[in-house]
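# Structural overview for review
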Amino acid sequence: MKELTEYITHEIGLEFNIDEQKGQWNKSLPMYLIASYKIDAAWLMGAEVVLVHLKFQEDQPTIGQMQKHMESIREHIGMPVILIFNYIEAFKRKRLVQQRMNFIVPYKQFFIPELMMAFSEVNQTKPNEDIRFTPMAQLLTIYWLLSKNEDEQIEQVPFNKIANLFDTNAMAITRAADNLANLNICTIHTGRPKCLTFNQSKQNTWSIIKERQLGIYPILKTVFTDSKPPHDKWINTNTNALTAFTDINSGYQQYLALDKAAYQAYKKTNQWPQENTSEGEFATEIWKYDPTILSNRFRWLKNNIDPISLYLCFTNDEDERIEDALEQIEKKFIWLEE
């Protein structure tokens, strides 16, 4: 308990104290819960909560069983219930997050969605996919942010239907959803069939993406050619697309976007014109995700890269004209709630 208090008050900086006078409600709980858990009352940022510790680390209940136990304690006591672990395997922590269960592992993770609180140890080593979006996860998130009621939805929709919408397979959507769940952007509902829901409003989600720098730079590389490369549907990008959404001028360079799979296919079949890395009439950006997906789904894009991807392309640009254009994008597209 001393370690828990030091972690919350010193490391995270929240008001926290154990209420040693409380605990009489222990007697009202079923015996199997009293036998399995040590239960304490506490105050966290002015909210009265219940801290639940496993008495025995061996033969731990499954996450599903713990969830039922916590729900039972919540029903009997009527306060938020927080599981406390000295140690728990990473895959179990992932399951706790996916199931939206309140828990704390001191100096590792602090996740209390019921009180809208979440902190992670910044020095903890994580796989790259848990630090930022994967390309498909970013594409899913952008679609959700820009979609309106009349568009096809991706929340509470089976993964295979989302896959059809994005011209991919269910496994690719599963991996993207896992990435979003690991980042606490969405929750995966593991019924049959699987589906997902986003954890916050669109406005809050965008704020989280910016604050935690979750968005990836979507361009793999840019190549220049003197003749227009072969392709059925070109997507305008860079300042050419910014012109469509803001009052910035496009300039003379013509920028086009192409996904890496199509680019590699043209190169493999010798259909791609001679290229260089510095100049040419056509500048083709090779993208990490297919730029035609959103253009096909949102007719208002009119063969332009979507505005959020554009924002992520220019987020580190210090040109004042670009900064003004990005502000226009945010005001115009990103935060008009339904």
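Two strands pair when backbone bridges link them, and strand β8 (residues 186-189) and strand β9 (residues 195-198) are joined in this way by four bridges, in the antiparallel orientation. Counted as the bridge partner of C186 is F198 from β9.

On to the packing of aromatic side chains. Evaluation of the coordinates by the stated rule reveals 11 aromatic pairs. Judged by centre distance (5.7 Å) and plane angle (25 degrees), the ring pair of F298 and W300 falls under stacked. For F298, a relative accessible area of 0% gives the class buried. When the ring of W300 is compared with that of F333, the centres are 5.6 Å apart and the planes differ by 15 degrees; the resulting orientation is stacked. With a gap of 33 residues between them, W300 in the loop between α11 (292-297) and α12 (307-314) and F333 in helix α13 (residues 320-334) connect regions that are remote in the sequence. Here a set of aromatic residues connected by ring pairs shows up, and it is made of Y143, F166, F245, F298, W300 and F333. It is K202 that lies over the ring of W144; its NZ or CZ is 5.8 Å from the centre.

On to the nonpolar core. If you look at the biggest cluster of nonpolar residues, it comprises 55 residues, and the most contacted ones within it are I154 and F166. Considering every element that reaches this core, the biggest residue donor is helix α5 (residues 135-146), with eight residues. Sequence-distant contacts of F166, defined by excluding residues within four places in its chain, comprise L139, L140, Y143, I154 and I293.

This part takes up α13. Taking 1.5 Å per residue, 15 residues should reach 21 Å; α13 reaches 20 Å between its end C-alpha atoms and fits that length. For α13, the full list of buried residues reads I322, A325, L326, I329, E330, F333 and I334. In an axial view of α13, the angular spread of the buried residues amounts to 145 degrees, which keeps them on one side of the axis. When the buried face of α13 is taken as reference, the exposed residues oriented beyond 90 degrees from it are E320 and K331. On its buried side, α13 packs onto α5, α8 (202-212), α9 (238-245) and α12. The N-terminus of α13 is capped by D319, whose side-chain oxygen sits 2.7 Å from the backbone nitrogen of R321.

What follows is about the pattern of salt bridges. Under the defined criterion, the tally for this structure stands at six salt bridges. Here K38 makes a salt bridge to D40, at a shortest N to O gap of 2.6 Å. Notably, a salt bridge pairs R297 with D167, separated by 3.5 Å at the nearest N-O pair. Placement of R297 in helix α11 and of D167 in the loop between α6 (159-165) and α7 (170-182) is noted, with a sequence separation of 130 residues between them. Of the residues examined, R297 reaches a relative accessible area of 25% and is grouped as partly exposed. Taking relative accessible area as the criterion, D167 reaches 55% and is therefore assigned exposed.

So, about the environment of L51. For L51, the position within the fold is in strand β3 (residues 47-54). When near neighbours in sequence (up to four residues on either side) are disregarded, L51 contacts M1, L4, F16, I18, K38, I39, D40, A42, I82 and I84.

The predicted coordinates of low-pLDDT regions are not to be read in fine detail. When pLDDT is averaged across the protein, the result is 85; 91% of the residues are at 70 or more. Averaged pLDDT values over the elements of the protein bottom out at 66 in strand β7 (residues 117-120) and peak at 95 in α5. This stretch, residues 122-129, has a pLDDT under 50; its non-local contacts, to residues over four places away or in other chains, come to seven contacts.

Before going further, it helps to spend a moment on a negative patch on the surface. Taken together, the side chains of D247, E318, E320, E323, D324 and E327 present a region of like negative charge at the surface. Here E318 shows up in the loop between α12 and α13. On the basis of relative accessibility, which here comes to 72%, the residue E318 falls in the exposed class.

The rules we used
Residues numbered from 1 in each chain as written. Predicted model: local features only at pLDDT ≥ 70, side-chain atom pairs only at ≥ 80, totals over all residues. Heavy atoms only, no water. Pairing = 2+ DSSP bridges. Helix = DSSP H or I, 4+ residues; strand = E, 2+ residues; numbered from the N terminus. Phe/Tyr/Trp six-rings, centres within 6.5 Å; stacked < 30°, edge-to-face > 60°. Buried < 20%, exposed > 50% of the residue type's maximum accessible area, 1.4 Å probe, protein only. Lys NZ or Arg CZ within 6 Å of the ring centre and 35° of its normal. Core = buried A, V, L, I, M, F, W, Y, C linked by side-chain atoms within 4.5 Å. Contact = heavy atoms within 4.5 Å. Expected span 1.5 Å × (residues − 1). Arc of directions from axis to C-beta. Polar contact = N/O pair within 3.5 Å; in protein donor to acceptor, adjacent residues only side chain to side chain. Salt bridge = Lys/Arg side-chain N within 4 Å of Asp/Glu carboxyl O. pLDDT = per-residue confidence, 0-100. Patch = residues over 30% accessible without salt bridge, like charges linked within 9 Å, V, L, I, M, F, W, Y side chains within 5 Å. Areas by Shrake-Rupley, 256 points an atom, 1.4 Å probe, with all protein chains shown as cover. Lys, Arg positive; Asp, Glu negative; His and termini not counted. Charge placed at Lys NZ, Arg CZ, Asp CG, Glu CD.

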